[in-house]
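# Coordinates in review
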Amino acid sequence: MYQSYNPPARTLMGPGPSDVNPRILNALARPTIGHLDPEFIHLMNEIKLLLQFAFQTKNELTIPISAPGSAGMETCFVNLIEPGDKVIVCQNGVFGARMADNVRRLGGEAVIVEDEWGRAVDPQKLKDALKSHGDAKIVAFVHAETSTGARSDANALCEIAREHGCLSIVDCVTSLGGCEVDLDEWGADAAYSGTQKCLSAPPGISPVSFSRRATEVIQSRKTPVTSWFLDLNLVMGYWGEGRTRAYHHTAPINSLYGLHEALVILHEEGLQPCWQRHQTNHLALKAGLEEMGLSFVVPEEERLAQLNAVTVPDGVDEAVIRSQLLEQFNLEIGAGLGALAGRVWRIGLMGYASNRKNVLLCLSALEAVLSQYNAHIDKGVALGAAQEVFRAYAA
Ligand SMILES: Cc1ncc(COP(=O)(O)O)c(C=O)c1O
């Protein structure tokens, strides 16, 4: 006989999903209403306002796409690119490579600006590429590379794009709610995110935002958008202004309750305090890990607070340690991806999961398991180093 499924109580400190705030779990369980119910339309309007707050933008076209972050990525590319368009794609990890794949599948030409995995995108390389490709239409880059933990200078990259007459597409999947995202200040033209990282809602929704300039490009396309579901000209019939909304698809109503609650929580905390909380917890984790003898992949000034990529000590099987953390401590951390597979762990401190308890749990669990496997680490010092950071920031 089949039975109801009850998942184990994990602590999610990988690259996402992160622990979901219980307030959001409660919101998800509220009764489903119709997707054209006037009450639901009121909720949709609030979600749009709260997304504008989170992205720091006045962009009218700021809505949640009913699918995960990858669909937000496709929404940006499929709506802005027409066959033959040249797109400069900055690639410093897994997700930049996916952007380039999107461009090629749409009949565009992807010009790759390559940076080392674990480093931010180099603005000078982008300038050089734009000098040699004056006919480029778009610059695309990942603000927070989840595969490496590197943060790129979105403000500088968007400015360079604008100076060369290009639109910018920015992947904010791991940055939104975890560090500064300011679309209007950056002058970004298109951005997408996800719910399962620093917003701490379940996966499955992708907030997107488009500037007026990008919206005009979409509205004046020569060819139809090749995806029916992601065609913003159609989606806006449902998410656009006014109380009369036309059916496009059945919105994931309860997931949108969850997103709304996540954004209300962010609004209550405030953007700056939220980013500061991520930074403090990162510094405490870093102090503990470094005291233990572990080192970070990304140079300090390019590091994300919400995604900590640390090098696996010599002679340690990283997969064994991860599975023991899960088995003994119900603690999930992430493996390395692509070029960093087998060489790093990715420790997330995202959204609701970015808290003191998780920092201390992770340090003590990692120390316990690494000791069981005779790794060469300094024992008994990590927690004290982390506590010192917490004390300094509480003062
Ligand atoms: C930077 C980045 N972009 C895009 C995605 C894709 O998002 P999703 O897995 O929700 O489709 C992810 C997911 O981890 C990501 O980290």
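Scroll up to find the structure this text is about.
Here the structure is a predicted model, which means the values were calculated and not measured.

## Observations regarding the layout of surface pockets
Put simply, the largest pocket is a space of about 320 Å³. Glu60, Leu61, Arg212, Thr215 and Gln219 are, among the 17 residues lining the largest pocket, the residues nearest its centre. When residues of the lining of the largest pocket are traced back to their parent elements, those giving at least two are helix H8 (212–219) and helix H9 (232–239). If you tally residues by element for the lining of the largest pocket, the top one is H8, at five residues. Broken down by class, the residue content of the lining of the largest pocket amounts to five nonpolar, six polar and six charged.

## Digging into the site of the ligand
The environment of the ligand is formed by Pro68, Gly69, Ser70, Phe95, Val142, Ala144, Thr146, Asp171, Val173, Thr174, Gln196 and Lys197. One of the backbone N or O atoms of Gly69 is found 2.9 Å from an oxygen atom in the ligand. Between the ligand and the protein, one listed contact pairs a nitrogen atom with a side-chain N or O atom of Asp171 at 2.6 Å. The protein chains hide 87% of the 390 Å² of surface that the ligand would expose on its own.

## Regarding the nonpolar core
Where a protein is soluble and globular, its nonpolar side chains tend to be buried together. Counting 89 residues, the largest nonpolar core has Phe40, Phe77, Leu80, Ile88, Ile169, Trp186 and Phe210 as its most contacted members. Ranked by residues supplied to this core, first place goes to helix H2 (residues 38–55) with nine residues. Formed by 34 residues, the second largest nonpolar core is a distinct cluster that contains Val359, Ala365, Ala375 and Ala382.

## Some details on the pairing of strand E8 (residues 167–171)
With five of its five residues buried, E8 lies for the most part within the structure. Of the two faces of E8, the one carrying Leu167, Ile169 and Asp171 and the one carrying Ser168 and Val170 are both buried. Relative to E8, strand E5 (residues 138–142) runs parallel, the two being bridged by five bridges. Residue Val142 lies in a different strand from E8, and its bridge partner there is Asp171. As paired strands, E8 and strand E9 (residues 190–192) are joined by three bridges and run parallel to one another.

## Looking at the sheet that holds strand E14 (residues 344–348)
Taking strand neighbours across the sheet as the criterion, the three strands line up as E11-E14-E13 in an open arrangement whose pairing is antiparallel. The sheet terminates laterally at strand E11 (307–311) and strand E13 (334–335), the two strands that pair on one side only. Two elements, E11 and E14, share five bridges in a ladder whose sense is antiparallel. What sits directly across from Ala309, in E14, is Arg346.

## Overview of the pairing of strand E4 (residues 109–114)
Bridging between strand E3 (residues 86–91) and E4 involves six bridges; their strand directions are parallel. Within E4, the residue paired with Lys86 across the bridge is Glu109. A crossover connection joins E3 to the parallel E4 through helix H4 (residues 94–105); in handedness this β-α-β unit is right-handed.

## Some words on the sheet that holds strand E2 (residues 61–65)
Read across the open sheet, the seven strands follow the order E2-E10-E9-E8-E5-E3-E4; overall the sheet is mixed. The open sheet has two edge strands with one neighbour each: E2 and E4. When strand polarity is set aside, the average angle formed by the axes of neighbouring strands in this sheet is 15°. Along the sheet, H4 contacts E3, E4, E5, E8 and E9; its crossing angle with E3, the most-contacted strand, is approximately 165°. The strands touched by H9 are E2 and strand E10 (206–210); relative to E2, the strand with the most contacts, the crossing angle is about 90°.

## Digging into the pattern of salt bridges
Taken as a whole, this structure holds 13 salt bridges when the rule is applied. Of the charged contacts, one joins Asp101 and Arg105 as a salt bridge, the two residues approaching to 3.3 Å between their closest N and O atoms. Of this pair, Asp101 and Arg105 both sit in helix H4, four residues apart, which is roughly one turn of the helix. Residue classification places Asp101 among the partly exposed residues on the basis of a relative accessible area of 34%. In this structure Arg105 comes out as exposed when scored by relative accessible area, which is 69%. A salt bridge links Glu302 to Arg119; the shortest N-O distance between them is 2.8 Å. A residue pair is termed long-range when its members are at least 10 positions apart, and Glu302 in the loop between helix H11 (271–292) and E11 and Arg119 in the loop between E4 and helix H5 (123–132) qualify at 183 residues. Note on Glu302: relative accessible area 13%, which makes it buried. Through salt bridges with shared partners, a single network forms among Arg23, Arg30, Glu261 and Glu268.

Rules used throughout
- Residues numbered from 1 in each chain as written.
- Predicted model: local features only at pLDDT ≥ 70, side-chain atom pairs only at ≥ 80, totals over all residues.
- Heavy atoms only, no water.
- 1 Å grid on protein atoms, 1.4 Å probe; cavity = no way out; pocket = protein on both sides within 12 Å on 5 of 7 lines; lining within 4 Å.
- Points joined across faces, edges and corners; volume = space filled by probe spheres on them.
- Helix = DSSP H or I, 4+ residues; strand = E, 2+ residues; numbered from the N terminus.
- Nonpolar A, V, L, I, M, F, W, Y, C, P; charged D, E, K, R; others polar.
- Near = heavy atom within 4 Å.
- Polar contact = N/O pair within 3.5 Å; in protein donor to acceptor, adjacent residues only side chain to side chain.
- Areas by Shrake-Rupley, 256 points an atom, 1.4 Å probe, with all protein chains shown as cover.
- Core = buried A, V, L, I, M, F, W, Y, C linked by side-chain atoms within 4.5 Å.
- Buried < 20%, exposed > 50% of the residue type's maximum accessible area, 1.4 Å probe, protein only.
- Pairing = 2+ DSSP bridges.
- Right-handed = clockwise from strand over helix to strand, strands pointing away.
- Axes fitted to C-alpha atoms, helices over the stretch in contact; angles between N-to-C directions.
- Contact = heavy atoms within 4.5 Å.
- Salt bridge = Lys/Arg side-chain N within 4 Å of Asp/Glu carboxyl O.

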